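# Structural overview
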Amino acid sequence: MKKLLSFLLALCLLPPVAGLAREEKIEVVASFYPVYILAKNVLDEVEGVSLSSMTTPATGCLHDYQLLTSDIRALSRAHVFLINGAGMEGFLPDIMDQLPDLKVVDCSQGVGLLCADEEHDHDHHHDHDHGEYNAHIWLDPENAVIMVENIRAALALALPDQADRINDNAAAYTARLLALDAELEAALAPFAGQPIVTFHESFPYFAKAYGLHVAAIVAMEPDAPLSPRMVAQVVDTVREAGNPPLFAEPQYRSAALRAISQETGAPVYPLDPLATGPDCLTAYEDTMRSNLSALLEALSQ
């Protein structure tokens, strides 16, 4: 929490930058769903701005996402492009080649990043090659607070005559996210150190935040089928860990996860990585509380 407060204070001390002209509506585009939901809260009832998501809400994480012609068209009209960062948008160099003047806001700035092949032993800050790091940063509410602050700072500069509203929205949303964080921390504290098995690499930030141990990840690439040998390796790991609960993601169907459950007897529960969802202001909090309910049920068995 001290690191988070220091980061927020440093951002408040940044020098001002000229805002964009207001003769036209400011077009803000988010790369995908979680960034869109955070920005939606910051821009709630802000006039003179249009917010959209480059990808449809059903797209999910941007693993191996291929840019469409319609994406480039939408971004050619954008004044600000909000990205998750941390390597999630692997297509960004292609966008910058075609739209070199596009204002890109990297929402991962200031987040301590986890190595892609580490659960939570090593975290690094932002002078790095994004390809080496786990990009699912938004699943720790404290990281979401940092992302909101990056969005706030950029949009308050882009819309100076709406800065008060933007700042108030960000402050109110930050308070809600911090309250959510405290709620999750208190509820999960009795289960510190307990192992879980997740479908893919979405949850190391969440696990680190709340003291859980990701004993195994079933699939590093969620759409890739697992060979029998790979399934057997996960089965062995699950058994060695004492058959902890398995967590499926609603965005994906996994025959491998079902097979692991049948082999080990470990039950399967849902855990939503917030890569898709409804278009509502409370989507982040609602999904995280649903995840908490699933975790409490699973870990209490």
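The shown structure was predicted, so the numbers you read here are calculated from the model rather than taken from an experiment.

Calculation notes
Residues numbered from 1 in each chain as written. Predicted model: local features only at pLDDT ≥ 70, side-chain atom pairs only at ≥ 80, totals over all residues. Heavy atoms only, no water. Helix = DSSP H or I, 4+ residues; strand = E, 2+ residues; numbered from the N terminus. Contact = heavy atoms within 4.5 Å. Pairing = 2+ DSSP bridges. Axes fitted to C-alpha atoms, helices over the stretch in contact; angles between N-to-C directions. Salt bridge = Lys/Arg side-chain N within 4 Å of Asp/Glu carboxyl O. Buried < 20%, exposed > 50% of the residue type's maximum accessible area, 1.4 Å probe, protein only. Arc of directions from axis to C-beta.

This paragraph deals with the side chain of Ser-261. By the secondary structure assignment, Ser-261 is in helix H9 (residues 255-264). Residues contacting Ser-261, with those up to four places away along its chain left out, are Leu-246, Ala-266, Pro-267 and Val-268.

A few words now on the sheet that holds strand E8 (residues 213-217). The parallel open sheet is built from four strands, whose spatial order is E8-E7-E9-E10. Looking at the sheet topology across the chains shown, the edges are occupied by E8 and strand E10 (268-270). Taking the axes of each pair of neighbouring strands and ignoring which way they run, one obtains an average angle of 35° across the sheet. Here strand E9 (residues 246-248) pairs with E10 via three bridges, running parallel. Residue Phe-247 lies in a different strand from E10, and its bridge partner there is Tyr-269. Each of E9 and E10 is contacted by H9, which is oriented at about 155° to E9, the strand it contacts most.

Attention now moves to the pattern of salt bridges. The tally for this structure, following the rule as stated, stands at six salt bridges. Between Glu-45 and Arg-165 there is a salt bridge; the shortest N-O distance is 3.2 Å. Of the two residues, Glu-45 sits in the loop between helix H2 (33-42) and strand E2 (49-53) while Arg-165 sits in helix H6 (residues 163-188), which places them 120 residues apart along the sequence. Overall, the relative accessible area of 62% leaves Glu-45 in the exposed class. With relative accessibility at 32%, the residue Arg-165 sits in the partly exposed group. Ionic pairing is found between Arg-289 and Glu-183, a salt bridge with its closest N-O pair at 2.9 Å. Separated by 106 residues along the polypeptide, Arg-289 in helix H10 (residues 283-299) and Glu-183 in helix H6 bring together distant segments of the chain. Owing to a relative accessible area of 33%, Arg-289 belongs among the partly exposed residues under this scheme.

Moving on, we come to H9. Those residues of H9 lying buried are Ala-256, Leu-257, Ile-260, Ser-261 and Thr-264. Seen from one end, H9 has its buried residues packed into an arc of 140°, which puts them on one side. Turned more than 90 degrees away from the buried face of H9, the exposed residues are Ala-255, Gln-262 and Glu-263. In this structure, the buried side of H9 is in contact with helix H8 (228-240), E9 and E10. Where H9 ends, the next residue or the one after it, Gly-265, has phi of about 80°, a positive value.

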